[in-house]
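Overview (structure and organization)
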Amino acid sequence: MQAYCNRFVKFAFVIFFSFLFTSCIDYVQSISYKDGHYHIYYKITLSKLLFALQNEDPEAIFESFEENALDSLPEYARANKVNTDWEVGLEFLLTIHPKTSHTDEKLLLPKTTGNKYYIPFFLGKEGILGDVTSTNDDEEQELLEAILSSAKCRIMISKKIIPDIESAYLEGIGVQNYSIPVFDYGDAFCMEIPFIVLFERGMYRFDNLIVIKKF
């Protein structure tokens, strides 16, 4: 299932780059706990304005994406196309038992060590970041970084999983960690990571967000 997610994300960013890196992109991820199962949600969309400015059909984003991929997901997952007046993309909904014995399911669940939680960050996994942040043109790279400085990834976690958060960060690679701001959304906490931080893939580890639970 994750391979299908990865293929769409990579394809979406190819489209993203080809239209001069406009900032019409949205990434949302959430995890909650209900009825004895984790419920994990991912959504990545592009603004239809992106296509309108280029006189392109927004449905074209799916032309190179295999339709049968959406019909061959594992039992714990389902995917939907997102197609509203304003955006087009995909959303994935996963329902996983916390004591699952399947390795691929375990990789998608949060892990704990004491008061430290490791929350999988889908956009940071399996080489996707290279597609998000790479271009061979220096001017394009500067433009991309400037535009993405205002775009954010939002990762939400239910208070049923972590009742109170002391801090959150991306682990540094031989340097200091990157501190992630945490916002209280009532029933959940929201952590925001600017897309510009994804350019620092040599400085931080992006496969997990590390969240410290407050006692």
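A brief structural summary. (Residues numbered from 1 in each chain as written. Predicted model: local features only at pLDDT ≥ 70, side-chain atom pairs only at ≥ 80, totals over all residues. Heavy atoms only, no water.)

On to the sheet that holds strand 7 (residues 152-158), then. The mixed open sheet is built from seven strands, whose spatial order is 3-4-2-1-7-11-10. With one partner strand each, in any of the chains shown, strand 3 (77-83) and strand 10 (182-184) form the two edges of the open sheet. Within the sheet, the average angular offset between the axes of one strand and its neighbour, ignoring direction, is 15°. In this sheet, strand 11 (residues 188-194) lies alongside strand 7 in antiparallel orientation, the contact comprising seven bridges. Looking across to strand 11, one finds that Lys152 is bridged to Pro194. (Pairing = 2+ DSSP bridges. Helix = DSSP H or I, 4+ residues; strand = E, 2+ residues; numbered from the N terminus. Axes fitted to C-alpha atoms, helices over the stretch in contact; angles between N-to-C directions.)

Okay, the side chain of Asp26 next. Looking at the element boundaries, Asp26 is found in strand 1 (residues 25-34). At 3.3 Å, the side chain of Asp26 forms a polar contact with the side chain of Lys43. Setting aside residues up to four positions removed in sequence, Asp26 forms contacts with Lys43, Ile44, Thr45 and Arg154. (Polar contact = N/O pair within 3.5 Å; in protein donor to acceptor, adjacent residues only side chain to side chain. Contact = heavy atoms within 4.5 Å.)

This part is about the pairing of strand 8 (residues 165-170). Taken together, the four bridges between strand 8 and strand 12 (residues 208-213) define a ladder with antiparallel strand orientation. Within strand 12, the residue paired with Tyr169 across the bridge is Ile210. Pairing geometry for strand 8 and strand 9 (residues 178-179), over two bridges, is antiparallel. Across the sheet, the residue bridging to Leu170 is Tyr178, located in strand 9.

Let us now look at the nonpolar core. Counting residues in each nonpolar core, the largest one holds 44 residues, and the members touching the most others are Tyr27, Phe121, Ile157, Leu170, Ile193 and Leu209. Here the element with the most residues in this core is strand 2 (residues 37-47); it accounts for five residues. The residues touching Ile193, leaving out its near neighbours within four places in the chain, are Phe121, Ala151, Lys152, Cys153, Ile155, Leu170, Ile180 and Leu209. (Core = buried A, V, L, I, M, F, W, Y, C linked by side-chain atoms within 4.5 Å. Buried < 20%, exposed > 50% of the residue type's maximum accessible area, 1.4 Å probe, protein only.)

Attention now moves to the pairing of strand 1. Sheet topology note: the strand 1/strand 2 ladder contains ten bridges and is antiparallel. Note on strand 2: the bridge partner recorded for Val28 is Lys43. What sits between the antiparallel neighbours strand 1 and strand 2 is a turn of two residues, in which Asp35 has the positive phi angle 55°.

Here we take up the packing of aromatic side chains. Taken as a whole and judged by the stated rule, the model has five aromatic pairs. Pairing Tyr33 with Tyr38 gives two aromatic rings, centres 5.2 Å apart and planes at 70°, and the pair type is edge-to-face. On the accessibility criterion, Tyr38 (15% relative accessible area) is buried. Ring plane angle 65° and centroid distance 5.7 Å describe the contact between Tyr178 and Tyr204, whose orientation is recorded as edge-to-face. Residue Tyr178 is found in strand 9, and its partner Tyr204 is found in the loop between strand 11 and strand 12; the two are separated by 26 residues along the sequence. (Phe/Tyr/Trp six-rings, centres within 6.5 Å; stacked < 30°, edge-to-face > 60°.)

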